[in-house]
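Breakdown of the fold
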Amino acid sequence: MAASSQSGSGQYSSGRKFWLLGGAILLVIALYTGGWLYAASALKQTVLTAIAPRAEVGVSGECSDIEFRGFPFRIGLFCSKVDVDDNVNGISATFGALRSAAQVYAPGHIVWELDSPAEIRTAQGLTVNAQWDNLQSSLVTKAQGIDRTSTVIDGLKAVAISSFTGQTVNFDAARAEIHLRQNGADLDGAISVENANAIVKDWPQVFPKFSASADLTLVGKAGMIDGTDEQGIHGSQGELRRIVADIGDGKVMTISGPFAFDEQGFLSGKFKLEIEQLGPWGKSIKEAFPDIASTVDTATKLLKALAGGGDKVSVDLVVDHGNATVSGFIPLGKIPPV
């Protein structure tokens, strides 16, 4: 009898442990699933914030046909089309399909891809149509919002049409990179293009492919990356640490200096413009703008005199509400508002 009683007690104990273990496994699965769904919801919100960072002040973003994938080890969000509308600044944009993902152990580090074509329209009459071979991006979140982002675009081709100036610009680049990060209250940005080409309609095409990079800061605009800024680019100011453009054969141009945008989106600033190989640059400008050839000749002689007869010179590039000139007397043209 004693042996039989002990055997029954042992079976009861084993059965209880089995159910306790099974219940614990089910609880873990339920908690993990709930956490995955919460992280997926957070991913959706982060992606929508990246697409339309100022939803509370008239900017809306829509990701059509949203679908979550990747359970259990990845968190993925897919949509067939992306639309953005900024009712405050009069900007709207459409893009192709979007695919984003994050690892469950690092939900704050998100990678995503965006398909072309894209169309961007502004109330100032600027329309940009773009296509690319590949666009990949990543972003890192912090306690609230987005801390930094990086984007790489391969095989970019874009056409910009301005009804304000009547100009059409075709632009292409083998590779383009855009990096943004919060730096205290400011927004730091770095942009680069490789093997790029820009063609302005009805202008002679005299410049070869070029590579360029820019490094700048927008003062007090850290919130532009995570949606807390309420004003946007209009009325902002910043510092252009440097833009470097290299068109080969030693012809390098560097621009740096403070700048500002007025409430209408026109650029103003006083920049330091450094030009290497002044003679070849002057020849290229005269071929592009034969109507001002005599002015360019005069300016080149004056600038060379200022440079002590050398072929490297530093001058002021002045932009006043979109009107750009070199040293105040060589007109470059009108820069349309953003």
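Above this text you will find the structure in question.
Residues numbered from 1 in each chain as written. Predicted model: local features only at pLDDT ≥ 70, side-chain atom pairs only at ≥ 80, totals over all residues. Heavy atoms only, no water.

So, the overall build of the protein chain
The secondary structure content of the protein chain amounts to three helices and 20 strands. Every one of the 338 residues in the protein chain was classed for burial, and the buried ones make up 33%. Taking all contacts inside the protein chain whose residues are at least 6 apart in sequence as the whole, residues at least 24 apart take part in 51%. Total accessible area on the protein chain is roughly 18,600 Å²; 58% of this is exposed by carbon and sulfur atoms. (Helix = DSSP H or I, 4+ residues; strand = E, 2+ residues; numbered from the N terminus. Buried < 20%, exposed > 50% of the residue type's maximum accessible area, 1.4 Å probe, protein only. Contact = heavy atoms within 4.5 Å. Areas by Shrake-Rupley, 256 points an atom, 1.4 Å probe, with all protein chains shown as cover.)

Thoughts on unusual backbone geometry
For the bond running from Ser116 to Pro117, omega is 5 degrees, close enough to zero to count as cis. Secondary-structure assignment places Pro117 in the loop between strand E7 (106-114) and strand E8 (118-122). The phi dihedral of Asn195 falls on the positive side, at around 50 degrees, and the residue is not glycine. With respect to the helices, strands and loops of the structure, Asn195 is situated in strand E13 (residues 186-200). For Asn195, a relative accessible area of 45% corresponds to the partly exposed category. One non-glycine residue, His321, adopts positive backbone phi at about 50 degrees. Mapped onto the elements of the fold, His321 is located in the loop between strand E18 (312-320) and strand E19 (323-326).

Concerning the side chain of Thr149
Here Thr149 shows up in strand E11 (residues 146-162). Among all residues touching Thr149, those that are not within four sequence positions of it are Ser138, Leu139, Ile178, His179, Leu180 and Ile225.

Considering the pattern of salt bridges
Taken as a whole, this structure holds eleven salt bridges when the rule is applied. Note that Arg175 is salt-bridged to Asp154, the shortest N-O span being 3.2 Å. Of this pair, Arg175 sits in strand E12 (residues 168-183) while Asp154 sits in strand E11, placing them 21 residues apart in sequence. Salt-bridge contacts for Asp188 lead to Arg241; the nearest nitrogen and oxygen are separated by 3.9 Å. Linking Asp188 in strand E13 with Arg241 in strand E15 (residues 237-246), this pair joins segments that are 53 residues apart in sequence. Overall, the relative accessible area of 8% leaves Asp188 in the buried class. Connected through shared salt-bridge partners, Arg181, Asp188, Asp215 and Arg241 make up one network. (Salt bridge = Lys/Arg side-chain N within 4 Å of Asp/Glu carboxyl O.)

Points about the environment of Ala299
Looking at where Ala299 falls in the secondary structure, it is placed in helix H3 (residues 293-306). Judged by its relative accessible area of 2%, Ala299 is buried.

Examining the packing of aromatic side chains
Under the counting rule described, the total for this entry stands at one aromatic pair. Aromatic side chains Phe259 and Phe261 sit 6.0 Å apart centroid to centroid with 75 degrees between the ring planes, which places their arrangement in the edge-to-face category. (Phe/Tyr/Trp six-rings, centres within 6.5 Å; stacked < 30°, edge-to-face > 60°.)

What about the pairing of strand E6 (residues 98-103)?
Direction of pairing for strand E3 (residues 74-79) relative to E6: antiparallel, over a ladder of six bridges. Residue pairing across strands places Arg74 opposite Gln103, the latter belonging to E6. Relative to E7, E6 runs antiparallel, the two sharing five bridges. Along E7, the bridge assignment pairs Gln103 with Ala106. (Pairing = 2+ DSSP bridges.)

Quick look at the environment of Glu276
You can see Glu276 is positioned in strand E17 (residues 267-276). Residues Glu276 and Asp246 lie 30 residues apart in sequence; the distance between their C-alpha atoms is 9.8 Å.

A few points about the environment of Glu239
Turning to its location among the elements, Glu239 is positioned in strand E15. Sequence separation between Glu239 and Thr217 is 22 residues; the distance between their C-alpha atoms is 5.3 Å.

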